[in-house]
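Structural overview
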Amino acid sequence: MRLGHSLHRIGNDLVAVYLVDTPDGVTVIDAGLAGQWREFTRELAAMGRSLADVQGVVLTHGDTDHIGFAERLRREHGVPVYVHEADGARARGEVATKPAWGRVSVGATARFLWYALTKNGLKTTPLTEVVTVRDGDVLDLPGAPRVIGMPGHSPGSIAIHVPIADAVFVGDALTTRHVLTGETGPQPAPFTDDPAGALASLRRLDGLGVTWVLPGHGTPWNRGVDEAVRAVERAAAASASTVDKPAVIPRRNRRRTDLGAPNLDIATPSDVKVLR
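Let me begin by describing the structure that accompanies this report. Every residue gets a number counted from 1 within its own chain, in the order that chain's sequence is written. Side-chain atom pairs in this predicted model are given and counted only at pLDDT of 80 or more, local residue features only at pLDDT of at least 70, and totals for whole chains, interfaces and linings cover all residues. The side-chain values count all of the structure's non-hydrogen atoms but skip hydrogen atoms and water molecules.

1. As for the overall build of the protein chain
Numbering goes from the N terminus for both helices and strands, where a helix is a DSSP run of H or I of at least four residues and a strand is a run of E of at least two. For the protein chain, the count of helices and strands is seven helices and 15 strands. Only protein chains enter the accessibility calculation, which uses a 1.4 Å probe. A residue is then buried if its area is under 20% of the maximum for its type, exposed if over 50%, and partly exposed in between. Looking at the protein chain residue by residue over its 276 residues, the buried ones come to 54%. A separation of at least 24 residues holds for 69% of the contacts in the protein chain among residues at least 6 apart in sequence. Here the protein chain has roughly 12,000 Å² of accessible surface; of this, 49% comes from carbon and sulfur atoms. Whether two residues are in contact is decided by their heavy atoms, any of which lying within 4.5 Å being enough. Methods summary: accessible areas were calculated by the Shrake-Rupley approach with a probe of 1.4 Å, and residue burial reflects only the protein chains presented.

2. A closer look at the nonpolar core
Looking at soluble globular proteins, one finds that nonpolar side chains tend to be buried together. What is meant by a nonpolar core is a set of buried Ala, Val, Leu, Ile, Met, Phe, Trp, Tyr and Cys residues, joined one to another through side-chain atoms within 4.5 Å. Ranked by internal contacts, the top residues of the largest apolar core, which has 22 residues, are Phe 40, Val 54, Val 57, Leu 59, Phe 69 and Leu 73. Of all the elements in the fold, those that place two or more residues in this core are β3 (16-22), β4 (25-29), α1 (37-46), β5 (54-58), α3 (70-77) and β6 (81-84). Tallying contributions element by element places α1 first for this core, with three residues. Not counting chain neighbours up to four residues away, the residues in contact with Leu 73 comprise Trp 37, Phe 40, Leu 51, Val 54, Val 57, Gly 78 and Val 79. In terms of nonpolar packing, the next biggest core, distinct from the first, is built from 20 residues, Leu 3, Tyr 82, Val 133 and Leu 139 among them.

3. Thoughts on the pairing of β6
Taking every second residue as pointing to the same face, both faces of β6 are buried, with Val 81 and Val 83 on one and Tyr 82 and His 84 on the other. Criterion used throughout: strands pair if DSSP finds at least two bridges between them. In the sheet, β5 pairs with β6 via two bridges, with the strands oriented parallel. Looking at the pairing, Val 57 lines up with Val 81 of β6. Pairing of β6 with strand β8 (residues 131-133), which is carried by three bridges, proceeds in the parallel orientation. Residue pairing across strands places Tyr 82 opposite Val 131, the latter belonging to β8.

4. Things to note about the packing of aromatic side chains
Paired rings are identified among Phe, Tyr and Trp, the last through its six-membered ring, by centres lying within 6.5 Å, and are further divided according to the angle between planes into stacked (under 30 degrees), edge-to-face (over 60) and tilted (the rest). Here the structure, examined in full by the defined rule, presents five aromatic pairs. When the ring of Trp 37 is compared with that of Phe 40, the centres are 5.8 Å apart and the planes differ by 55°; the resulting orientation is tilted. With Trp 37 and Phe 40 both in helix α1 and three residues apart, this pair spans about one turn of that helix. With respect to burial, Trp 37 and Phe 40 carry one shared label: buried.

5. Describing the pattern of salt bridges
Every case where a carboxyl oxygen of Asp or Glu lies within 4 Å of a side-chain nitrogen of Lys or Arg is listed as a salt bridge. Enumeration according to the criterion identifies 19 salt bridges in this entry. The closest approach of N and O atoms between Arg 75 and Glu 71, which form a salt bridge, is 3.8 Å. Of this pair, Arg 75 and Glu 71 both sit in helix α3, separated by four residues, roughly a single helical turn. Judged by relative accessible area, which is 48%, Arg 75 ranks as partly exposed. You can call Glu 71 buried: its relative accessible area is 2%. For the salt bridge of Asp 193 with Arg 90, the shortest nitrogen-to-oxygen distance reads 2.9 Å. Here Asp 193, found in the loop between β13 (184-187) and α6 (195-201), pairs with Arg 90, found in helix α4 (residues 88-91); they are 103 residues apart in sequence, far enough to count as distant. For Asp 193, a relative accessible area of 36% translates into the label partly exposed. On the basis of relative accessible area, Arg 90 is assigned to the buried category, the value being 6%.

Following this line, the structure appears as structure tokens:
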């Protein structure tokens, strides 16, 4: 799907992958789920490109719903995979995380987990080799992507600024679709290691002046980065105002919420608040 100049997306609002297309080749931002491979190759063909044109994959962080087919590209086609040094072990599958689930809508969560399952989310292959990056690096890849450190969702979360595409790719630094509740619009992403840190990191996007804000989950946002950040801050403030007022669910209406999660670096929830 073409979004704009030099800018394409595959996947959907549950899990998205982005491609930056330039005369020098293609840069892939995040690698989604392993089962999105066929859609990825189809999009390349629609662009008049092939796997030989892919020069690199840049990961916004090392969670399994972002590294999907990255190892396949690296192993079979020699494509380097870039990730922040603080998330290298995460991308290699050497560390596990257990972030809080928070609020959950059973229907929305089931749709996310079912989609991940149908796209081989249980069969993610960790990276065996990565190229590590740091805040401020400008990578020698098509589009000259610049790394912006965004610790919070994970220690090595980054945003990727690509001026030629008028875009910043934010991974899970924010979301425009909460995969556990189904709520839409810019807001904090779930499964975040350090929510306060993630919110503070958004200020690092101030002054970019780009139109497109592209999250790993949710609808692409084209109303400017400043408005996206303000919207996330408003959503976070609204959520904080209700955190001490959880809904009481009568026992007869309670639903089982310990849904078996695919291998998405998600622990079985013990702190779920079910939305009605």
